Number of protein chains: 2
Amino acid sequence: MTTVLSSRAAIHTETVEYKQGDTMLEGYLAYDDSISGKRPGILVVHQWLGLTDYEKHRAEQLAALGYVAFCADIYGKGVRPKDVNEAGALAGKYKSDRALLRARVNAGLDMLKKNEFVDTSRVAAIGYCFGGTTVIELARSGAELNGVVSFHGGLDSPTPADGKNIKCKVLALAGADDPFQKPDDLTAFESEMRDNKVDWQIVFYGGAVHAFTQPDPGFSNPGAKYNEKADKRSWQAMKDFFAEIFN
Amino acid sequence: MTTVLSSRAAIHTETVEYKQGDTMLEGYLAYDDSISGKRPGILVVHQWLGLTDYEKHRAEQLAALGYVAFCADIYGKGVRPKDVNEAGALAGKYKSDRALLRARVNAGLDMLKKNEFVDTSRVAAIGYCFGGTTVIELARSGAELNGVVSFHGGLDSPTPADGKNIKCKVLALAGADDPFQKPDDLTAFESEMRDNKVDWQIVFYGGAVHAFTQPDPGFSNPGAKYNEKADKRSWQAMKDFFAEIFN
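Basis of the calculations
- Residues numbered from 1 in each chain as written.
- Chains lettered and ligands numbered in written order.
- Predicted model: local features only at pLDDT ≥ 70, side-chain atom pairs only at ≥ 80, totals over all residues.
- Heavy atoms only, no water.
- Helix = DSSP H or I, 4+ residues; strand = E, 2+ residues; numbered from the N terminus.
- Buried < 20%, exposed > 50% of the residue type's maximum accessible area, 1.4 Å probe, protein only.
- Polar contact = N/O pair within 3.5 Å; in protein donor to acceptor, adjacent residues only side chain to side chain.
- Contact = heavy atoms within 4.5 Å.
- Salt bridge = Lys/Arg side-chain N within 4 Å of Asp/Glu carboxyl O.
- Expected span 1.5 Å × (residues − 1).
- Arc of directions from axis to C-beta.
- Buried area = accessible area lost by both parts, 1.4 Å probe.
- Axes fitted to C-alpha atoms, helices over the stretch in contact; angles between N-to-C directions.
- Parallel < 35°, antiparallel > 145°, perpendicular 65-115°, else oblique.
- Nonpolar A, V, L, I, M, F, W, Y, C, P; charged D, E, K, R; others polar.
- Phe/Tyr/Trp six-rings, centres within 6.5 Å; stacked < 30°, edge-to-face > 60°.
- Least-squares fit on C-alpha atoms with pLDDT ≥ 70 in both.
- Core = buried A, V, L, I, M, F, W, Y, C linked by side-chain atoms within 4.5 Å.

Asks: Can you tell me about unusual backbone geometry, naming the residues and giving the values?
Replies: All names here are of chain B. At C129, a residue that is not glycine, the phi angle is positive and equals roughly 50°. Within the secondary structure, C129 is located in the loop between β6 (118-128) and α4 (130-140). Classification of C129 as buried rests on a relative accessible area of 10%. In this structure, H152 is a non-glycine residue whose phi angle is positive, near 35°. Tracing the sequence through the fold places H152 in the loop between β7 (147-151) and β8 (169-175). What makes H152 buried here is its relative accessible area of 1%.

Dropping the structure here:
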């Protein structure tokens, strides 16, 4: 499908089936087909509700910026939580099995890199909430990419020593008032980055809670709420980060 | 004096005498005189060594971006510390007398606003180290401006209740490994911002210590050291902040 977002950009989008081991996954690709030649690729990792229109829209925004964007599917084709109970169970399953989580997100990264328009020397990953945890885990897996951006992601790790594997730059964008971000996890994350001499940054947006980039986080909780200012600021921070790492 | 920084920009600079009460102060003005009409104004507040070439250069950089920049003089005309002992004593004096510090920085802000090229509805202040503390204090004084940016400034306050006076947006840019930034001060600052519903943000740059924007911090200490990446990133963060607040 080609969606015309503006007079300039014609965004091609398509659903893409791919596999991790024997598991079928269903991702989503977006790029501007009015551009020719190779360009940086961005992996987009979904929040706990799985790959939804939210992530697809982000991929289209990235495509309009000139990137090839690919939304990974961590849960599997057809595995789309109906409610937050199912979402919590699924996200919990992968957070408890980091080896599987790493395999799934790396399968998405491989798919992105295989795209004919992707300059494989210029690749990054972004993720939201559960996906924000996942992209840090991707970095911890030792994956070859330039950088990862975590939007309101949990930063905890059961194996902080794996910080030694990180080869890419890390940018974490966090709500200063996110009640789901445990102070101990934050301290542990900072120590992990510091101890392993990672090139890392973290931004805290005052007044922002969890899920601050999501107009509809899919559940009602005062601790998870859209914040337009933090949304715009974090998107700008991501763009600056890309400008730096793809320079 | 007019310095040609590029084929495009002709930066006019001048030393400006002004007063706070009976005390003579000596600031430094910079603007691009190839631009006509009013434009946003930026106050620049010096580090503990007083107004040096470092701040003047920052003012020239801001002028080249199209702003009117004015370096405040907090210490007074001719009061320029010869070494870090004198610098420490002077900075300590003003940090211990926040009323005087506020009066001095507001005198600089007034001078900036009086400049014929400044659009007084679009004004911000930036500061480095001691100046990074001072611009937050300017905000706490209830000054009318759009925003303040603190580069590796101490964020402590003897009167956190004064956070209620803050009318402008606050951006703090900090070294994640700055040994001069006491964790308790950081926690208190965050509480002050939060309790008073200030529009605030803080960025921590991994691997950066104190004075990360200063190629020559004027003293040798492993806890105060230039960091090119953090310098560039923080300057970009400031530019984004200005783009937002002057929109």
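On we go.
Asks: So, the side chain of H210 of chain A: which residues are in play, and what are the values?
Replies: Residue and element names in this part refer to chain A. Relative to the helices and strands, H210 resides in the loop between β9 (200-205) and α6 (228-245). Here D178 takes part through its side chain, which lies 2.8 Å from a polar atom of the side chain of H210. When neighbours within four sequence positions are excluded, H210 is seen to be in contact with C129, H152, D178, P179, F180, G223, A224 and K225.

Asks: Now, about the pattern of salt bridges: what can you tell me, with residues and values included?
Replies: Enumeration over the complete set of coordinates arrives at 38 salt bridges over all chains. Overlapping salt bridges bring together R98, R102, E137, R140, D156, D162 and E192 of chain A as one network.

Asks: I'd love a proper account of helix α2 (residues 84-96) of chain A, names of residues and values included.
Replies: Residue and element names in this part refer to chain A. Taking 1.5 Å of rise per residue, 13 residues should cover 18 Å, and α2 covers 18 Å from first to last C-alpha, within 8% of that figure. Those residues of α2 that sit buried are A87, L90, A91 and Y94. Relative to the axis of α2, the buried residues are bounded by an arc of 95° and lie together on one face. Opposite its buried face, α2 presents the exposed residues N85, A89 and S96, each directed more than 90 degrees away. Buried residues belonging to α2 abut α3 (98-114) and α4 (130-140).

Asks: So what's going on with the interface of chain B and chain A? Which residues, and what values?
Replies: Facing the 18 residues of chain B at the interface are 18 residues of chain A. Between chain B and chain A lies a buried interface of about 1,500 Å² when both sides are counted; carbon and sulfur atoms form 39% of it. Our enumeration of links across chain B and chain A arrives at eight salt bridges. The partner of K229 of chain A in a salt bridge is D199 of chain B, with the nearest N and O atoms 2.8 Å apart. In this assembly, chain B and chain A are joined by 16 residue pairs in polar contact (both at pLDDT 80 or more). For the side of chain B that touches chain A, the secondary structure elements donating two or more residues are β9 (200-205) and α6 (228-245) of chain B. A per-element tally of the side of chain B that touches chain A places β9 of chain B first, with six residues.

Asks: Account for the packing of helix α3 (residues 98-114) of chain B against α4 of chain B, with residues named and values stated.
Replies: Residue and element names in this part refer to chain B. Axis separation between α3 and α4 bottoms out at 9 Å; the angle between their running directions is 85°. Here α3 is positioned roughly perpendicular relative to α4, judged by the angle of their axes. Only F130, T133, T134, E137, L138 and R140 of α4 make contact with α3, whose side of the interface consists of R98, L101, R102, V105, N106 and L109. Among the residues making up the contact of α3 with α4, the classes are represented as five nonpolar, three polar and four charged.

Asks: Talk me through the packing of helix α2 (residues 84-96) of chain B against α3 of chain B; I want residue IDs and the actual numbers.
Replies: Residues and elements named next belong to chain B. Relative orientation of the contacting elements α2 and α3 amounts to 100°, with a least axis distance of 5 Å. What the angle tells us is that α2 and α3 run roughly perpendicular. Across the interface between the two elements, K93, Y94, K95 and S96 from α2 touch R98, L100, L101 and R104 from α3. Class assignment for the residues of the contact of α2 with α3 results in three nonpolar, one polar and four charged.

Asks: Would you mind going over the packing of aromatic side chains in detail, with residue names and values included?
Replies: All names here are of chain A. Scanning all chains against the criterion turns up 25 aromatic pairs over all chains. Seen from their ring centres, Y67 and F246 are 5.8 Å apart, and the 55° between their planes marks the pair as tilted. Taken together, the residues Y67 in the loop between α1 (53-64) and β5 (68-71) and F246 in the segment after α6 connect sequence positions 179 residues apart. Taken together, the ring pairs connect Y67, F241, F242 and F246 into an aromatic cluster.

Asks: Break down the relation of the copies chain B and chain A for me, citing the residues and quoting the values.
Replies: Taken as rigid bodies, chain B and chain A are interconverted by a rotation of 180° and an axial shift of 0.0 Å, the fit giving an RMSD of 0.0 Å. On the angle and the small slide along the axis, the relation comes out as a two-fold axis. Taking the C-alpha atom as reference, chain B places V203 of chain B closest to the rotation axis, 2.2 Å from it. The share of interface residues of chain B whose copies in chain A are also at the interface is 100%, consistent with both copies meeting through the same surface.

Asks: Tell me what's going on with the nonpolar core, and back it up with residues and numbers.
Replies: Soluble globular proteins tend to bury their nonpolar side chains together. Counting 90 residues, the largest nonpolar core has L43 of chain A together with L43 of chain B as its most contacted members. Contacts of L43 of chain B, omitting those with residues within four sequence positions, involve F70, A72, V105, G108, L109, L112, A124, A125, I126 and L138 of chain B. Counting 64 residues, the second largest nonpolar core, distinct from the first, contains A124 of chain A together with I126, A208 and F242 of chain B.

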